[in-house]
Amino acid sequence: MYQEERLIAILEHIRQHQRISVEDICELFQVSRDTARRDIVKLEEQGQILRTRGGAIWRGLNKDVSGYGDRLQEEPAVKRAIGRLAASLVQAGDYLFMDASTTVMNAAEELRTDGHVIVTNSIDIAGLLSQRPGITVHLLGGVVHPRHRFIFGARTLEMLRDYQADKLIIGTSGITPDGLTNPFEEEGYVMKEMMRRSDQVIVLADHTKFGLRQFYRVAGLESIDILITDREPEDGMKEALLRHDINIMIAKGENKP
(Lines give C-alpha, C1' and ligand atoms only; values in the text may rest on other atoms or scores of the structure.)
Protein backbone atom coordinates (compact mmCIF):
# COMPACT_ATOMS: atom_id res chain seq x y z
CA MET A 1 0.00 0.00 0.00
CA TYR A 2 1.34 3.42 -0.97
CA GLN A 3 1.65 6.09 1.72
CA GLU A 4 -1.12 8.20 0.16
CA GLU A 5 -3.55 5.27 0.38
CA ARG A 6 -2.47 4.51 3.94
CA LEU A 7 -2.98 8.13 5.02
CA ILE A 8 -6.54 8.07 3.67
CA ALA A 9 -7.22 4.83 5.58
CA ILE A 10 -5.71 6.26 8.77
CA LEU A 11 -7.95 9.33 8.50
CA GLU A 12 -11.00 7.12 7.99
CA HIS A 13 -10.09 5.15 11.12
CA ILE A 14 -9.70 8.36 13.14
CA ARG A 15 -12.97 9.71 11.73
CA GLN A 16 -14.77 6.62 13.04
CA HIS A 17 -12.93 6.13 16.33
CA GLN A 18 -11.72 9.68 17.08
CA ARG A 19 -8.12 8.46 17.66
CA ILE A 20 -5.44 6.04 16.53
CA SER A 21 -2.24 4.80 18.17
CA VAL A 22 1.12 3.98 16.61
CA GLU A 23 0.45 0.35 17.53
CA ASP A 24 -2.90 0.47 15.71
CA ILE A 25 -1.21 1.72 12.53
CA CYS A 26 1.48 -0.98 12.75
CA GLU A 27 -1.14 -3.72 13.21
CA LEU A 28 -3.66 -2.48 10.67
CA PHE A 29 -1.20 -1.77 7.86
CA GLN A 30 1.71 -4.08 8.72
CA VAL A 31 4.28 -1.30 8.86
CA SER A 32 7.11 -0.45 11.25
CA ARG A 33 6.78 1.99 14.14
CA ASP A 34 9.04 4.45 12.28
CA THR A 35 6.73 4.34 9.27
CA ALA A 36 3.68 4.79 11.50
CA ARG A 37 5.26 7.83 13.15
CA ARG A 38 6.14 9.34 9.75
CA ASP A 39 2.52 8.90 8.66
CA ILE A 40 1.30 10.74 11.77
CA VAL A 41 3.81 13.56 11.20
CA LYS A 42 2.68 13.85 7.57
CA LEU A 43 -0.99 14.10 8.54
CA GLU A 44 -0.20 16.69 11.19
CA GLU A 45 1.72 18.77 8.64
CA GLN A 46 -1.35 18.65 6.40
CA GLY A 47 -3.47 19.96 9.29
CA GLN A 48 -5.62 16.83 9.32
CA ILE A 49 -4.94 15.56 12.85
CA LEU A 50 -3.41 16.47 16.18
CA ARG A 51 -0.43 14.41 17.31
CA THR A 52 -0.63 12.99 20.84
CA ARG A 53 1.66 10.91 22.99
CA GLY A 54 1.75 7.54 21.22
CA GLY A 55 -0.66 8.38 18.41
CA ALA A 56 -3.07 10.95 16.98
CA ILE A 57 -6.58 12.30 17.44
CA TRP A 58 -9.08 13.99 15.16
CA ARG A 59 -8.77 17.77 15.06
CA GLY A 60 -11.46 19.08 17.40
CA LEU A 61 -12.55 21.95 15.15
CA ASN A 62 -12.84 21.47 11.40
CA LYS A 63 -12.33 24.74 9.50
CA ASP A 64 -12.32 23.53 5.89
CA VAL A 65 -15.33 24.81 3.94
CA SER A 66 -15.49 24.31 0.18
CA GLY A 67 -17.51 26.65 -2.01
CA TYR A 68 -21.05 25.69 -3.02
CA GLY A 69 -20.06 24.60 -6.53
CA ASP A 70 -17.24 22.42 -5.22
CA ARG A 71 -19.49 20.84 -2.61
CA LEU A 72 -22.01 19.91 -5.29
CA GLN A 73 -19.28 17.80 -6.91
CA GLU A 74 -18.26 16.00 -3.70
CA GLU A 75 -19.73 12.47 -3.43
CA PRO A 76 -22.42 13.23 -6.05
CA ALA A 77 -23.77 9.67 -6.30
CA VAL A 78 -24.01 9.38 -2.51
CA LYS A 79 -25.78 12.73 -2.20
CA ARG A 80 -28.18 11.74 -4.96
CA ALA A 81 -29.06 8.48 -3.18
CA ILE A 82 -29.59 10.29 0.13
CA GLY A 83 -31.66 12.96 -1.62
CA ARG A 84 -33.82 10.35 -3.33
CA LEU A 85 -34.59 8.61 -0.05
CA ALA A 86 -35.41 11.94 1.61
CA ALA A 87 -37.76 12.86 -1.25
CA SER A 88 -39.56 9.52 -0.85
CA LEU A 89 -40.58 10.56 2.68
CA VAL A 90 -42.40 13.64 1.38
CA GLN A 91 -46.14 13.22 0.85
CA ALA A 92 -48.25 15.21 -1.58
CA GLY A 93 -49.40 18.45 0.01
CA ASP A 94 -46.61 18.64 2.61
CA TYR A 95 -45.39 22.08 3.59
CA LEU A 96 -41.59 21.99 3.74
CA PHE A 97 -38.64 23.95 5.02
CA MET A 98 -35.47 23.24 3.03
CA ASP A 99 -32.10 24.70 3.92
CA ALA A 100 -29.21 25.52 1.57
CA SER A 101 -27.27 22.24 1.89
CA THR A 102 -26.04 20.68 -1.36
CA THR A 103 -27.46 17.32 -0.22
CA VAL A 104 -30.84 18.98 0.32
CA MET A 105 -30.50 20.34 -3.23
CA ASN A 106 -30.40 16.72 -4.37
CA ALA A 107 -33.58 16.02 -2.39
CA ALA A 108 -35.25 18.96 -4.15
CA GLU A 109 -34.21 17.55 -7.53
CA GLU A 110 -35.71 14.16 -6.60
CA LEU A 111 -39.12 15.49 -5.49
CA ARG A 112 -41.86 13.80 -7.51
CA THR A 113 -44.93 14.89 -5.53
CA ASP A 114 -46.85 18.14 -5.74
CA GLY A 115 -49.15 20.37 -3.74
CA HIS A 116 -46.18 21.63 -1.73
CA VAL A 117 -45.40 24.98 -0.21
CA ILE A 118 -41.61 25.26 0.11
CA VAL A 119 -39.89 27.81 2.35
CA THR A 120 -36.13 28.03 1.75
CA ASN A 121 -33.08 30.24 2.16
CA SER A 122 -31.39 28.58 -0.82
CA ILE A 123 -31.20 30.56 -4.04
CA ASP A 124 -30.64 27.39 -6.06
CA ILE A 125 -33.46 25.35 -4.53
CA ALA A 126 -35.86 28.26 -5.03
CA GLY A 127 -34.80 28.56 -8.67
CA LEU A 128 -35.21 24.82 -9.27
CA LEU A 129 -38.56 24.28 -7.56
CA SER A 130 -40.17 27.50 -8.79
CA GLN A 131 -40.22 25.87 -12.23
CA ARG A 132 -42.20 22.85 -11.01
CA PRO A 133 -45.99 22.83 -11.47
CA GLY A 134 -47.95 22.33 -8.27
CA ILE A 135 -45.23 23.78 -6.02
CA THR A 136 -45.26 27.23 -4.42
CA VAL A 137 -41.90 28.58 -3.28
CA HIS A 138 -41.26 31.21 -0.61
CA LEU A 139 -37.68 32.47 -0.85
CA LEU A 140 -36.67 34.05 2.44
CA GLY A 141 -35.41 37.62 2.30
CA GLY A 142 -32.17 38.89 3.74
CA VAL A 143 -28.48 39.01 2.90
CA VAL A 144 -27.05 36.73 0.20
CA HIS A 145 -23.83 34.86 0.96
CA PRO A 146 -22.17 34.97 -2.49
CA ARG A 147 -19.85 31.95 -2.11
CA HIS A 148 -22.24 29.56 -0.37
CA ARG A 149 -25.48 30.85 -1.90
CA PHE A 150 -27.63 30.98 1.23
CA ILE A 151 -29.69 33.87 2.59
CA PHE A 152 -29.29 34.99 6.19
CA GLY A 153 -29.77 37.90 8.55
CA ALA A 154 -32.34 39.58 10.79
CA ARG A 155 -34.92 39.81 8.00
CA THR A 156 -34.54 36.07 7.27
CA LEU A 157 -35.27 35.16 10.88
CA GLU A 158 -38.17 37.62 11.08
CA MET A 159 -39.85 36.00 8.06
CA LEU A 160 -39.23 32.48 9.37
CA ARG A 161 -41.07 33.24 12.62
CA ASP A 162 -44.30 33.68 10.65
CA TYR A 163 -44.16 30.18 9.12
CA GLN A 164 -44.79 26.60 10.26
CA ALA A 165 -44.01 23.46 8.25
CA ASP A 166 -44.82 19.76 8.30
CA LYS A 167 -41.24 18.73 7.61
CA LEU A 168 -37.77 20.22 7.55
CA ILE A 169 -35.16 18.69 5.24
CA ILE A 170 -31.80 19.95 6.40
CA GLY A 171 -28.13 19.18 5.88
CA THR A 172 -25.21 19.50 8.25
CA SER A 173 -21.49 20.19 7.98
CA GLY A 174 -20.73 18.00 10.98
CA ILE A 175 -22.45 15.60 13.34
CA THR A 176 -21.12 14.19 16.62
CA PRO A 177 -22.79 12.83 19.77
CA ASP A 178 -22.96 16.50 20.85
CA GLY A 179 -25.21 17.38 17.91
CA LEU A 180 -25.16 19.25 14.60
CA THR A 181 -22.64 21.97 13.80
CA ASN A 182 -22.10 24.51 11.04
CA PRO A 183 -19.13 26.70 10.10
CA PHE A 184 -21.29 29.83 9.78
CA GLU A 185 -23.04 31.20 12.84
CA GLU A 186 -25.46 33.28 10.72
CA GLU A 187 -26.59 30.26 8.72
CA GLY A 188 -26.82 28.30 11.95
CA TYR A 189 -29.38 30.79 13.32
CA VAL A 190 -31.57 30.15 10.27
CA MET A 191 -31.24 26.37 10.58
CA LYS A 192 -32.10 26.52 14.28
CA GLU A 193 -35.24 28.59 13.64
CA MET A 194 -36.34 26.17 10.90
CA MET A 195 -35.98 23.29 13.36
CA ARG A 196 -38.11 25.10 15.95
CA ARG A 197 -40.93 25.61 13.44
CA SER A 198 -41.11 22.10 11.92
CA ASP A 199 -43.20 19.16 13.08
CA GLN A 200 -40.58 16.70 11.80
CA VAL A 201 -36.84 17.24 11.32
CA ILE A 202 -35.07 15.13 8.67
CA VAL A 203 -31.28 15.49 8.63
CA LEU A 204 -29.25 14.47 5.57
CA ALA A 205 -25.60 13.62 6.27
CA ASP A 206 -23.24 11.41 4.29
CA HIS A 207 -20.63 9.40 6.16
CA THR A 208 -17.92 12.08 5.79
CA LYS A 209 -19.86 14.35 8.16
CA PHE A 210 -19.66 11.97 11.13
CA GLY A 211 -17.09 13.01 13.71
CA LEU A 212 -16.70 16.52 12.27
CA ARG A 213 -17.23 19.45 14.60
CA GLN A 214 -17.63 22.92 13.12
CA PHE A 215 -17.59 26.39 14.72
CA TYR A 216 -21.29 26.83 15.61
CA ARG A 217 -23.50 24.28 17.36
CA VAL A 218 -26.90 24.33 15.69
CA ALA A 219 -28.76 21.77 17.80
CA GLY A 220 -28.42 18.66 19.92
CA LEU A 221 -29.41 15.22 18.72
CA GLU A 222 -32.68 15.50 20.63
CA SER A 223 -33.91 17.89 17.91
CA ILE A 224 -33.68 15.25 15.15
CA ASP A 225 -36.43 12.81 14.15
CA ILE A 226 -34.84 11.08 11.14
CA LEU A 227 -31.24 10.82 9.96
CA ILE A 228 -30.57 9.74 6.38
CA THR A 229 -27.01 8.70 5.58
CA ASP A 230 -25.16 6.32 3.26
CA ARG A 231 -23.34 4.11 5.79
CA GLU A 232 -24.06 2.63 9.17
CA PRO A 233 -22.58 5.00 11.80
CA GLU A 234 -19.81 3.63 14.00
CA ASP A 235 -20.86 2.18 17.34
CA GLY A 236 -20.43 5.27 19.55
CA MET A 237 -22.28 7.54 17.15
CA LYS A 238 -25.02 4.99 16.51
CA GLU A 239 -25.54 4.50 20.24
CA ALA A 240 -25.95 8.26 20.74
CA LEU A 241 -28.46 8.47 17.88
CA LEU A 242 -30.53 5.55 19.14
CA ARG A 243 -30.46 6.94 22.68
CA HIS A 244 -32.36 9.94 21.28
CA ASP A 245 -34.85 7.70 19.40
CA ILE A 246 -33.62 8.89 16.00
CA ASN A 247 -34.73 6.79 13.04
CA ILE A 248 -31.53 6.00 11.08
CA MET A 249 -32.17 5.37 7.40
CA ILE A 250 -29.43 4.12 5.07
CA ALA A 251 -29.63 5.20 1.42
CA LYS A 252 -28.69 2.16 -0.65
CA GLY A 253 -27.87 1.61 -4.30
CA GLU A 254 -25.22 4.23 -4.97
CA ASN A 255 -23.13 4.29 -1.81
CA LYS A 256 -19.50 3.23 -1.87
CA PRO A 257 -18.27 0.24 0.14
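You'll find the structure just up there.
Right, let's walk through the structure included here. (Residues numbered from 1 in each chain as written. Predicted model: local features only at pLDDT ≥ 70, side-chain atom pairs only at ≥ 80, totals over all residues. Heavy atoms only, no water.)

### Things to note about the nonpolar core
Heads up, the condition is: Here, the term nonpolar core denotes a set of buried Ala, Val, Leu, Ile, Met, Phe, Trp, Tyr and Cys residues that are joined through side-chain atoms within 4.5 Å. When accessible area is computed with a 1.4 Å probe and restricted to protein chains, residues below 20% of their type maximum are described as buried, those above 50% as exposed, and intermediate ones as partly exposed. The secondary structure listing takes helices from DSSP runs of H or I that are at least 4 residues long and strands from runs of E that are at least 2 residues long, numbered from the N terminus. The contact definition used throughout considers only heavy atoms, calling two residues in contact when any of these lie within 4.5 Å.
Core analysis: the biggest nonpolar cluster contains 34 residues, and Ile175, Met195, Leu221, Leu227 and Leu241 have the highest contact counts within it. The leading source of residues in this core is helix H9 (residues 185-196), at 4 residues. Those residues in contact with Met195 that lie beyond four places of it in its chain are Leu168, Ile170, Leu180, Val201, Val218, Ala219 and Ser223. The next biggest cluster of nonpolar side chains, apart from the first, holds 24 residues, and it includes Met98, Ile125, Ile226 and Ala251.

### Re the sheet that holds strand E11 (residues 179-182)
Which entries qualify depends on this criterion: When DSSP finds at least two bridges between two strands, those strands are taken to pair. Axes, fitted as lines to C-alpha atoms, cover a helix only where it is in contact. Angles between the N-to-C directions of the axes lie from 0 to 180 degrees.
Spatial strand order, E10-E11-E13: 3 strands in an open sheet with antiparallel pairing. Looking at the sheet topology across the chains shown, the edges are occupied by strand E10 (174-176) and strand E13 (216-219). Here the strands of the sheet are splayed against their neighbours by 35 degrees on average, with no regard to which way each runs. Of the pairings in the sheet, the one linking E10 to E11 comprises 3 bridges and is antiparallel in character. The partner of Gly174 across the bridge, within E11, is Thr181. With respect to the sheet, H9 is in contact with E11 and E13, its orientation differing from that of E13 by roughly 10 degrees.

### Digging into unusual backbone geometry
Trans is the prevailing form of peptide bonds, just as negative phi is the prevailing case for residues other than glycine. For Gln30, which is not a glycine, the phi torsion comes out positive at approximately 55 degrees. Here Gln30 shows up in the loop between helix H2 (22-29) and helix H3 (33-45). The phi torsion at Asp245 lies on the positive side, around 60 degrees, for a residue other than glycine. Topologically, Asp245 is positioned in the loop between helix H10 (235-243) and strand E15 (247-250). On the basis of relative accessibility, which here comes to 68%, the residue Asp245 falls in the exposed class.

### A word on H3
Short version of the rule: Expected span, for any helix, means 1.5 Å times one less than how many residues it has. In this description, one arc is meant: the one made by directions from the helix axis to the C-beta atoms.
Here H3 spans 18 Å end to end across 13 residues, near enough to the 18 Å set by a 1.5 Å rise per residue. For H3, every residue scored as buried is listed here: Thr35, Ala36, Asp39, Ile40 and Leu43. For H3, the arc enclosing every buried residue in end-on projection is 140 degrees, short of the 170-degree limit, so these residues lie on one face. Turned more than 90 degrees from where H3 packs its buried face, Arg38 and Glu45 sit exposed.

### Looking at the sheet that holds strand E12 (residues 198-204)
Note: strands within a sheet are paired through backbone hydrogen bonds, in either parallel or antiparallel orientation. Spatially, the 7 strands line up as an open sheet ordered E6-E5-E4-E9-E12-E14-E15, and their pairing is parallel. Whereas interior strands pair on both sides, the edge strands pair on one side only; in this sheet they are strand E6 (135-139) and E15. The mean inter-strand angle of the sheet, taken between neighbouring strand axes irrespective of direction, is 20 degrees. The pairing of strand E4 (residues 95-98) with strand E5 (residues 116-120) spans 4 bridges and is classified as parallel. Bridge pairing in E5 places Phe97 opposite Val119. Here helix H6 (residues 102-110) sits on the sheet and contacts E4, strand E9 (165-171) and E12; the angle it forms with E9, its principal contact strand, is near 130 degrees.

Keep in mind these numbers describe shape, not what the thing actually does.
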